[in-house]
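Here is what each chain is made of, one letter per residue.
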Amino acid sequence: MILNGIPSAGAARDGSGHPYLSVVIPVYNEAANLEALHARLGPVLDQLGRSYEVIFVDDGSRDRSLEILCGLHAAHPAVRVIALNRNYGQHAAVFAGLDHAQGEVIVTLDADLQNPPEEIPRLIALVEAGHDVVGGWRQNRHDPLLRRWFSKAMNRLTSKIVGVQMRDYGCMLRAYRRDVVQVLRGCQEISSFIPALANSFAHSPIEVPVEHASRAHGRSSYNPFRLIRLGFDLATGFSLLPIQTVSLAGIGIALLGVGFGGFLLLRRLLVGPEVEGVFTLFAILFVFVGIQVLALGLIGEYIGRIYLEVRRRPRYVIQKILGSSAAAPPHDAAGRQGGGA
Ligand code: UDP
Ligand code: MG
């Protein structure tokens, strides 16, 4: 893997036509942020003294985002734009960018300026020091309290499932070496949480504290329902642990039930017939019924995933691409590439 030795040429490309760095940015209704983002990102990348490309993926925005991106592409040759035909979700949009990224090092970044572009050189330095995945960890996170609690729980769960302990799986300010991205591209499952997927293949992942800002303009696309969906998706998409935990809990509860039955029998023999405690029994019943419904839901989630997989629908559909796409995947001729979010 060649990481160094590519001539310093600003936004230009090396002899093979491939830039050293690709920056992939998913965009959904970010019209108010895009110009400010590019104005901050451009100088940071120029100062790196390396060839680069910036790939904006318009994820079916309904505002002027695509128009602004077309303007940025016209003014800056290093800016490429991939326009998806409708909204597929952040991770599918990032996948579209990864599928077309040509760089040796690939950085992902949010478009809303919550991830400061000024942090990129630190991430790249760590990739050059030998780490194949470098994750940002948002130190002073500027998100609502409930969202931060949810993230904390999800980070614990994800660390366990993936087997790589990290504080912040949700931060999309990350850098990947090309070989890891190559493996990600080969993963065709319908929905995938990219940071977790990358870490499950990484040889030497590392996490580095990064700054975090409040959203410059607009609102987060993640409402509580979407977050819970993402959580379920993440939990069932990477392992059988959730359903196995519920099965284990089932065995535990059944054993408790046997013990309780024995206890009641003993009382019947010693104290005689009783009818009190009916409401206690109701409460216990509700807990068990709840666990049963959860188990059914989990099974449904896995079956749903199988259903989505067997349909083999594309992960996203591209409407148009602005800028060179020399390294687009071979099966991308119709603007399609596999699996969805
Ligand atoms: N995004 C996207 N498609 C979506 C939702 C979001 O491409 O359906 C982009 C969005 O434009 C931003 C990034 O993903 O660049 C993160 O989105 P958001 O700020 O809503 O998420 P949060 O920061 O709250 O996790
Ligand atoms: Mg955001």
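Everything quoted here is computed from the prediction, not taken from an experiment.

### Digging into the pairing of strand β4 (residues 105-108)
So, point 1. On β4, burial covers both faces: Val105 and Val107 on one face and Ile106 and Thr108 on the other are all buried.
So, point 2. One ladder, built from 4 bridges, connects strand β1 (residues 21-27) with β4; its direction is parallel. Bridging across to β4, valine 24 finds its partner in threonine 108.
So, point 3. Relative to strand β6 (residues 174-177), β4 runs antiparallel, the two sharing 4 bridges. Across the sheet, residue isoleucine 106 finds its bridge partner in β6, namely tyrosine 176.

### Thoughts on the pattern of salt bridges
So, point 1. The full count for this structure, using the stated rule, is 12 salt bridges.
So, point 2. Ionic pairing is found between glutamate 30 and arginine 215, a salt bridge with its closest N-O pair at 2.8 Å. With glutamate 30 in the loop between β1 and α1 (31-48) and arginine 215 in the loop between β7 (205-210) and α8 (224-238), this pair connects stretches of sequence that are 185 residues apart.
So, point 3. Between arginine 141 and aspartate 143 there is a salt bridge, with the nearest N and O atoms lying 2.8 Å from each other.
So, point 4. Its relative accessible area of 14% is what places arginine 141 among the buried residues.
So, point 5. For aspartate 143, a relative accessible area of 14% puts it in the buried group.
So, point 6. A network of salt bridges, in which partner residues are shared, links Glu30, Asp112 and Arg215.

### A look at the packing of helix α3 (residues 90-100) against helix α6 (residues 178-186)
So, point 1. One way to put it is that α3 packs onto α6 with a least axis distance of 10 Å and a crossing angle of 120°. As far as their axial angle goes, α6 and α3 are oblique. Of the two elements, α3 crosses α6, and the hand of that crossing is left-handed. Touching Phe95, Leu98, Asp99 and His100 of α3 are Val181, Leu184 and Arg185, all from α6.

### Digging into helix α5 (residues 145-162)
So, point 1. Taking 1.5 Å per residue as the helical rise, α5 with its 18 residues ought to reach 26 Å, and the 25 Å between its terminal C-alpha atoms agrees with that figure.
So, point 2. Here α5 has its buried residues at Arg147, Ser151, Met154, Asn155, Thr158, Ser159, Ile161 and Val162. End-on view of α5: buried residues confined to an arc of 155°, all on one side of the axis. Relative to its buried face, α5 has exposed residues pointing more than 90 degrees away, namely Leu146, Trp149, Lys152, Arg156 and Lys160.

### Some remarks on the packing of helix α9 (residues 241-271) against helix α10 (residues 278-311)
Between two packed helices, what matters for the description is the angle formed by their axes and the separation of those axes.
So, point 1. Between α9 and α10, the least distance of the axes is 10 Å, while the angle of their chain directions is 155°. Relative to α10, the element α9 lies roughly antiparallel. In this structure, α9 meets α10 at a crossing whose hand is left-handed. Contacts between α9 and α10 involve Leu241, Pro242, Ile243, Val246, Ile253 and Phe260 on the former and, on the latter, Leu281, Phe288, Ile291, Leu294, Ala295, Leu298, Ile299 and Tyr302.
So, point 2. Its residues placed into classes, the contact of α9 with α10 shows 14 nonpolar, no polar and no charged.

Definitions and limits used
- Residues numbered from 1 in each chain as written.
- Chains lettered and ligands numbered in written order.
- Predicted model: local features only at pLDDT ≥ 70, side-chain atom pairs only at ≥ 80, totals over all residues.
- Heavy atoms only, no water.
- Buried < 20%, exposed > 50% of the residue type's maximum accessible area, 1.4 Å probe, protein only.
- Helix = DSSP H or I, 4+ residues; strand = E, 2+ residues; numbered from the N terminus.
- Pairing = 2+ DSSP bridges.
- Salt bridge = Lys/Arg side-chain N within 4 Å of Asp/Glu carboxyl O.
- Axes fitted to C-alpha atoms, helices over the stretch in contact; angles between N-to-C directions.
- Parallel < 35°, antiparallel > 145°, perpendicular 65-115°, else oblique.
- Left-handed = near helix turned anticlockwise from the far one by under 90°.
- Contact = heavy atoms within 4.5 Å.
- Expected span 1.5 Å × (residues − 1).
- Arc of directions from axis to C-beta.
- Nonpolar A, V, L, I, M, F, W, Y, C, P; charged D, E, K, R; others polar.

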